[in-house]
Amino acid sequence: MYSVTFQKILLYIGIGVFIGLMVGLIFGDVHLGIYSIFLSIITILLTAIFAELYHVREAINKQRTEQDKLRK
């Protein structure tokens with residue numbers, strides 16, 4: 001398991017900017033490109049947060065099962 005570091009957050013933001021720029025260039029609208037950048041960044045960061053919370057939950061469950069085994 002690993003944590004989302006600052007470097008990974010910057011990478012996710014970069015991916016969001018790239019996807020947003022591609023959508024803006026494909027449709028040729030500046031405002032749509034800006035909105036797409038922000039939506040892509042938010043979506044990617046929310047996905048990263050969800051993944052991090054999932055890893056924390058797995059670690060807690062693993063620790064609880066190990067403690068239960070020690071009690072028995």
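No experiment lies behind these values; they were computed from the predicted model shown.

### What about the overall build of the chain?
What the chain contains, in helices and strands, is two helices and zero strands. A compact globule built from 72 residues would reach a C-alpha radius of gyration of about 11 Å, whereas the chain, at 19 Å, exceeds it by more than 25%. A principal-axis box enclosing the C-alpha atoms of the chain has dimensions of 65 × 20 × 15 Å. Within the chain, the proportion of its 72 residues that are buried is 14%.

### What to know about the environment of Ile34
Locating Ile34 in the fold gives a position in helix α2 (residues 30–71). For the pair Ile34 and Gly24, spaced 10 residues apart in sequence, the C-alpha separation works out to 7.3 Å.

### Examining the side chain of Ser40
Note that Ser40 resides in helix α2. The exposure class of Ser40 is buried, given its relative accessible area of 11%. When residues no more than four places from it in sequence are discounted, the contact partners of Ser40 are Gly16, Ile19 and Gly20.

### Considering the environment of Glu58
Residue position: Glu58 is located in helix α2. As a C-alpha pair, Glu58 and Lys69 span 11 residues in sequence and 17 Å in three-dimensional space.

### Overview of helix α1 (residues 6–27)
For α1, spanning 22 residues, the distance from its first C-alpha to its last is 32 Å, which sits close to the expected 32 Å at 1.5 Å a residue. Burial in α1 covers these residues: Gly16, Gly20 and Gly24. Take α1 and look down its axis: the buried residues cluster within an arc of 70°, on one side only. Turned more than 90 degrees away from the buried face of α1 sit Gln7, Leu11, Phe18, Leu25 and Ile26, all of them exposed. Buried positions along α1 lie against α2. Among the residues trailing α1, Gly28 stands out with phi positive, at a value near 70°.

What counts, and at which threshold
- For every chain, the first residue of the written sequence is number 1, and numbering continues from 1 along that sequence.
- Totals for whole chains, interfaces and linings use all residues, but because this is a predicted model, local features are given only for residues with pLDDT of at least 70 and pairs of side-chain atoms are given and counted only at 80 or more.
- Only heavy atoms go into the side-chain values, all of them from the structure, while hydrogens and water stay out.
- Numbering of helices and strands starts at the N terminus; helices are DSSP runs of H or I of at least 4 residues and strands are runs of E of at least 2.
- C-alpha atoms define the radius of gyration, and 2.2 Å times the number of residues to the power 0.38 defines the globule rule.
- Here's how the labels work: a residue is buried when its accessible area is under 20% of the maximum for its type, exposed when over 50%, partly exposed in between, all with a 1.4 Å probe on protein chains only.
- The contact criterion used is simple: two residues touch if any of their non-hydrogen atoms lie within 4.5 Å.
- One less than the residue count of a helix, multiplied by 1.5 Å, gives the span that helix is expected to have.
- Regarding the arc, it is the one traced by the directions from the helix axis to the C-beta atoms.

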